[in-house]
Amino acid sequence: MEKLLWGILFFSLSIAKVYANNTNDIVFDNNNITFPNAEVLNEFTTRIPFKLIDHLIVIEAALLNKKGNFIIDTGSETLILNKIHFPTKYSHRKKRKETSGVLDIIEDTNTTKLKEFILQNFNLKNKASDIIDLSHIEKTKKMNLLGIIGYSILKDYEVFIDMHLHQITLTKVDKFGNTLDKKVYAEKFTDSISFKLKKHTIVLDTYINKQKLKFGLDSAAEYNQINKNSSKKVLKYFFPSKRIVLTGASKNTIEVMAGKLYRVRLSETTYCGPMITLLTNLTKMSEAFGTQLDGILGYEFLRQKRTIINYQKEKLYFVDYPIIIH
């Protein structure tokens, strides 16, 4: 049995759904967030390079005279700031909350409202932010982590996660999901599928062979997951390889089976190759995401598909990897 440090994939599940007990906001006086490495294409579109720390998508940003890393997490409901770097000395009053986790319940979550969240020249007024102790991620990943960018920020853009070029393209959309920049992509879309937005969660009809399931798309899930209570018709395509131990947000552990999942498709035209997958109990994960799920598609899916997310249209678009000719 090995101790699985990348088991921290569950952190995004642990903070995905937040329950507020009151409505006292915390306000920062100086709260511009900037992305020094971004390339601004025009008033509607910017490209931000990212690095992969293990399998997490990480961009560099600066806030309150601090410079560090933010994780892009479609499974998180809000913008989240790391309490270690942004202590509640900035607050007028604390807002006590608790957050549902896969392995346990985390308490003492605080909330702030940023007067402005700035993506280069994109101003987002009065965006709520949660404050959570993310020191366990910093230690496990050996990284400086300022926070996590989730649905509340990403929803206003069409989001192109490009694992080939290691960059994210954000382009502003109108209320109907139409991009305001009409010449965003040099590449052509090769396929598209619809999804259902359940609160903040992207839910995809996913087929394993002929069995229809519901999977969530989570860019901060380092490995895919499938419910261990799935039917035998589904699990016959899961080929286990070893048992591993996952460490949760409060340092609790759980043993799960890891292996590869075969015969996954999202439509008659959108197929996936075999993906490393964890066989887990998804009861608390479904609580965290706010909807019942049979599994999660994360890094293992995104590395196969150059994926564009449009929240307003509830659509995913795909772009082919380029053919390299030597």
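For clarity, every value in this text was computed on a predicted model and none was experimentally measured. (Residues numbered from 1 in each chain as written. Predicted model: local features only at pLDDT ≥ 70, side-chain atom pairs only at ≥ 80, totals over all residues. Heavy atoms only, no water.)

**Let's talk about the overall build of the protein**
Link 1 in the chain: What the protein contains, in helices and strands, is six helices and 28 strands.
Link 2 in the chain: Taking as baseline every contact in the protein between residues at least 6 positions apart, the subset at least 24 positions apart corresponds to 69%.
Link 3 in the chain: Surface accessibility of the protein: about 14400 Å² in total, with carbon and sulfur atoms responsible for 48%. (Helix = DSSP H or I, 4+ residues; strand = E, 2+ residues; numbered from the N terminus. Contact = heavy atoms within 4.5 Å. Areas by Shrake-Rupley, 256 points an atom, 1.4 Å probe, with all protein chains shown as cover.)

**Quick notes on unusual backbone geometry**
Link 1 in the chain: Even without a glycine there, the phi angle at His166 is positive, about 55°.
Link 2 in the chain: The class for His166 is partly exposed, based on a relative accessible area of 31%.
Link 3 in the chain: Phi at Glu314 is positive, roughly 55°, even though this residue is not glycine.
Link 4 in the chain: The residue Glu314 is located in the loop between strand E27 (306-310) and strand E28 (315-319) in this model. (Buried < 20%, exposed > 50% of the residue type's maximum accessible area, 1.4 Å probe, protein only.)

**Focus on the pairing of strand E18 (residues 201-208)**
Link 1 in the chain: Counting buried residues in E18 gives six out of eight residues, a clear majority hidden from the surface.
Link 2 in the chain: As defined by bridge partners, strand E17 (residues 196-198) adjoins E18 across three bridges and the pair is classed as antiparallel. The residue of E18 that forms the bridge with Lys198 is Thr201.
Link 3 in the chain: Counted between consecutive antiparallel strands, the loop separating E17 from E18 contains two residues, among which Lys199 sits at a positive phi close to 60°.
Link 4 in the chain: Pairing of E18 with strand E19 (residues 211-217), which is carried by seven bridges, proceeds in the antiparallel orientation. Paired with Val203 across the strands is Gly216, a residue of E19.
Link 5 in the chain: Where E18 meets strand E23 (residues 264-265), two bridges bridge the pair, whose relative direction is antiparallel. Looking at E23, one finds that Ile208 is bridged to Val264. (Pairing = 2+ DSSP bridges.)

**Description of the nonpolar core**
Link 1 in the chain: Core analysis: the biggest nonpolar cluster contains 51 residues, and Ile149, Leu204, Ile208, Leu217, Phe301 and Ile309 have the highest contact counts within it.
Link 2 in the chain: In terms of residue count, the dominant contributor to this core is strand E7 (residues 56-63) (four residues).
Link 3 in the chain: Among residues more than four places away in sequence, those in contact with Ile309 are Thr74, Tyr157, Glu158, Val159, Ile161, Phe195, Ile202, Leu217, Lys315 and Leu316.
Link 4 in the chain: Membership of the second largest hydrophobic core comes to 12 residues, among which are Val58, Ile80, Leu145 and Ile148. (Core = buried A, V, L, I, M, F, W, Y, C linked by side-chain atoms within 4.5 Å.)

**A short note on the side chain of His200**
Link 1 in the chain: Positionally, His200 belongs in the loop between E17 and E18.
Link 2 in the chain: Of the residues examined, His200 reaches a relative accessible area of 2% and is grouped as buried.
Link 3 in the chain: A distance of 3.3 Å separates a polar side-chain atom of His200 from the backbone oxygen of Gly75. (Polar contact = N/O pair within 3.5 Å; in protein donor to acceptor, adjacent residues only side chain to side chain.)

**Structural notes on the packing of aromatic side chains**
Link 1 in the chain: For the coordinates displayed, the defined rule picks out six aromatic pairs.
Link 2 in the chain: A centroid spacing of 5.7 Å and a plane angle of 55° characterise the contact between Tyr185 and Phe189, whose relative ring orientation is tilted.
Link 3 in the chain: For Phe189, a relative accessible area of 38% translates into the label partly exposed.
Link 4 in the chain: Through a chain of ring-to-ring contacts, three or more aromatic side chains come together here, namely Phe160, Tyr185, Phe189 and Tyr317.
Link 5 in the chain: The ring of Tyr157 is capped by Lys172, whose NZ or CZ atom sits 5.2 Å from the centre of that ring.
Link 6 in the chain: Positioned above the aromatic ring of Phe318, the side-chain terminus of Lys305 is 6.0 Å from the ring centre. (Phe/Tyr/Trp six-rings, centres within 6.5 Å; stacked < 30°, edge-to-face > 60°. Lys NZ or Arg CZ within 6 Å of the ring centre and 35° of its normal.)

**A closer look at the environment of Arg265**
Link 1 in the chain: By the secondary structure assignment, Arg265 is in strand E23.
Link 2 in the chain: According to the relative accessible area criterion, Arg265 is buried, its value standing at 13%.
Link 3 in the chain: As a C-alpha pair, Arg265 and Asn209 span 56 residues in sequence and 7.7 Å in three-dimensional space.
Link 4 in the chain: Excluding its chain neighbours within four sequence positions, the residues that come into contact with Arg265 are Thr206, Tyr207, Asn209, Thr270 and Tyr271.
Link 5 in the chain: Side-chain polar atoms of Arg265 contact the side chain of Glu268, separated by 3.4 Å.

**Describing the sheet that holds E27**
Strand pairing in a sheet relies on backbone hydrogen bonds, with the paired strands running either antiparallel or parallel.
Link 1 in the chain: In space, the seven strands of this open sheet follow the order E4-E5-E15-E14-E27-E28-E16, with antiparallel pairing throughout. Looking at strand neighbours, the two that pair on one side only are strand E4 (39-40) and strand E16 (189-194), the edges of this open sheet.
Link 2 in the chain: Examined bridge by bridge, E4 and strand E5 (residues 45-49) share two bridges and lie antiparallel to one another. Bridging from a neighbouring strand, Val40 pairs with Thr46 of E5.

**Quick look at the confidence of the model for the protein**
Link 1 in the chain: Averaged over every residue, the pLDDT of the protein is 79; residues scoring 70 or more account for 75%.
Link 2 in the chain: The spread of mean pLDDT over the elements of the protein runs between strand E2 (residues 18-20), the lowest at 31, and E23, the highest at 98.
Link 3 in the chain: Below a pLDDT of 50 lies the segment residues 90-109, which in the model reaches 81 contacts outside its immediate sequence neighbourhood of four places, other chains included.
Link 4 in the chain: Per-residue pLDDT stays below 50 along residues 121-126; that stretch engages in 26 contacts with residues further than four places along the chain or on separate chains. (pLDDT = per-residue confidence, 0-100.)

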